[in-house]
Amino acid sequence: MMARPAGSAGGLDQKVLQYEAFINDVLRRDLRAVLEQRDRLYEKMSHYLQLKNAIQSLEEAGPQRLKADVDLGCSFFVQARVDNPSRILVLVGFGFFVEMSHQEALRFIDKKTNQLTLFTEQLNKDAAKIKAHIRMVLEGLRELQGLEELPDVCRKSAAAAQL
């Protein structure tokens, strides 16, 4: 390791603080935002898959009356009776509902879940890039401070603790 001039210690400490601030204020915030967005998409996919299962159950039951509990909000439920469940309203986005047959709804759900899957895959790639940037900056900090490289076992546990 090279000896540093006496005046460079303060400048080095300042650089280390700037890099640490960049990691904490920018990269980790961006990673958290990407992961939250991905989780919201997973939640949407879950709702569409639940709807798909409900439609398939309706098709198996055949054209008969349907009774259901409907949430009016604030966990206030009322019983509802549907005389003709052959057509349903599906949320297509931006607060718009479209009346569809079961088959139309199933096709729409398949397309929508495929689209959401593509979005989540992209978000996973973005999260991996941000994690790589964090790792790269941490390696730069390690080199700036003249620290030895961590063994793989310690590195994996430290990486898990970062998130």
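The structure this text deals with has already been given above.
What comes next is a walk through the structure. (Residues numbered from 1 in each chain as written. Predicted model: local features only at pLDDT ≥ 70, side-chain atom pairs only at ≥ 80, totals over all residues. Heavy atoms only, no water.)

We now examine the pattern of salt bridges. With the rule as written, the count across this model stands at nine salt bridges. Here Lys-52 and Asp-110 are joined by a salt bridge, their closest N and O atoms 3.0 Å apart. Taken as a pair, Lys-52 in helix H1 (residues 8–61) and Asp-110 in helix H2 (residues 102–145) lie far apart in primary sequence, 58 residues in all. Looking at Lys-52, the relative accessible area reads 22%, which means it is partly exposed. Notably, a salt bridge pairs Arg-135 with Glu-139, separated by 2.8 Å at the nearest N-O pair. On the criterion of helical spacing, the pair formed by Arg-135 and Glu-139 is a turn pair, its members being four residues apart in helix H2. By relative accessible area, Arg-135 is classed as partly exposed at 30%. One connected set of salt bridges, linked through shared partners, spans Arg-135, Glu-139, Arg-142 and Glu-143. (Salt bridge = Lys/Arg side-chain N within 4 Å of Asp/Glu carboxyl O. Helix = DSSP H or I, 4+ residues; strand = E, 2+ residues; numbered from the N terminus. Buried < 20%, exposed > 50% of the residue type's maximum accessible area, 1.4 Å probe, protein only.)

Here we take up the side chain of Thr-120. With respect to the secondary-structure elements, Thr-120 resides in helix H2. Thr-120 has contacts with Arg-38, Leu-41, Tyr-42 and Met-45, leaving out every residue within four places of it along the chain. (Contact = heavy atoms within 4.5 Å.)

Residue Cys-74 is not a glycine yet carries a positive backbone phi of 55°. In this fold, Cys-74 is placed in the loop between strand S1 (66–71) and strand S2 (77–82). A positive phi is found at Phe-94, a non-glycine position, where the angle reads about 55°. Examined against the element boundaries, Phe-94 turns out to sit in the loop between strand S3 (87–93) and strand S4 (96–101).

A separate point is the nonpolar core. Ranked by size, the top nonpolar core spans 23 residues in total, and within it Ile-23, Ile-55, Val-90, Ala-105, Phe-108 and Ile-134 carry the most contacts. Of all the secondary-structure elements, those providing two or more residues to this core are H1, S3 and H2. When residues in this core are grouped by element, the largest group, 11 residues, is from H2. (Core = buried A, V, L, I, M, F, W, Y, C linked by side-chain atoms within 4.5 Å.)

Glancing now at the pairing of S3. Relative to S4, S3 runs antiparallel, the two being bridged by six bridges. Its bridge partner lying in S4, Ile-88 is registered against Met-100. From the end of S3 to the start of S4, which pair antiparallel, there are two residues, and Phe-94 there has a positive phi angle of about 55°. (Pairing = 2+ DSSP bridges.)

Tracing the backbone shows His-102 in helix H2. His-102 gets classed as buried once you look at its relative accessible area, which sits at 11%. Within the structure, His-102 has its side chain in polar contact with the backbone oxygen of Pro-85 (distance 2.6 Å). Once residues within four sequence positions are removed from consideration, His-102 is found in contact with Ile-55, Leu-58, Glu-59, Pro-85, Ser-86 and Ile-88. (Polar contact = N/O pair within 3.5 Å; in protein donor to acceptor, adjacent residues only side chain to side chain.)

A few words on H2. Compared with an ideal rise of 1.5 Å per residue, which puts 44 residues at 64 Å, H2 spans 63 Å between its outermost C-alpha atoms and is within 8% of the ideal. Just downstream of H2, Gly-146 is the residue with a positive phi angle, here 70°. (Expected span 1.5 Å × (residues − 1).)

Our next topic: a nonpolar patch on the surface. A surface patch of nonpolar side chains, about 350 Å² in accessible area, is lined by Val-70, Leu-72, Phe-76 and Val-78. Looking at the element boundaries, Val-78 is found in strand S2. (Patch = residues over 30% accessible without salt bridge, like charges linked within 9 Å, V, L, I, M, F, W, Y side chains within 5 Å. Areas by Shrake-Rupley, 256 points an atom, 1.4 Å probe, with all protein chains shown as cover.)

The sheet contact formed by S1 and S2 spans six bridges and is antiparallel. The partner of Ala-68 across the bridge, within S2, is Ala-80. Connecting S1 to the next strand, S2, in antiparallel fashion are five residues, including Gly-73 with a positive phi near 120°.

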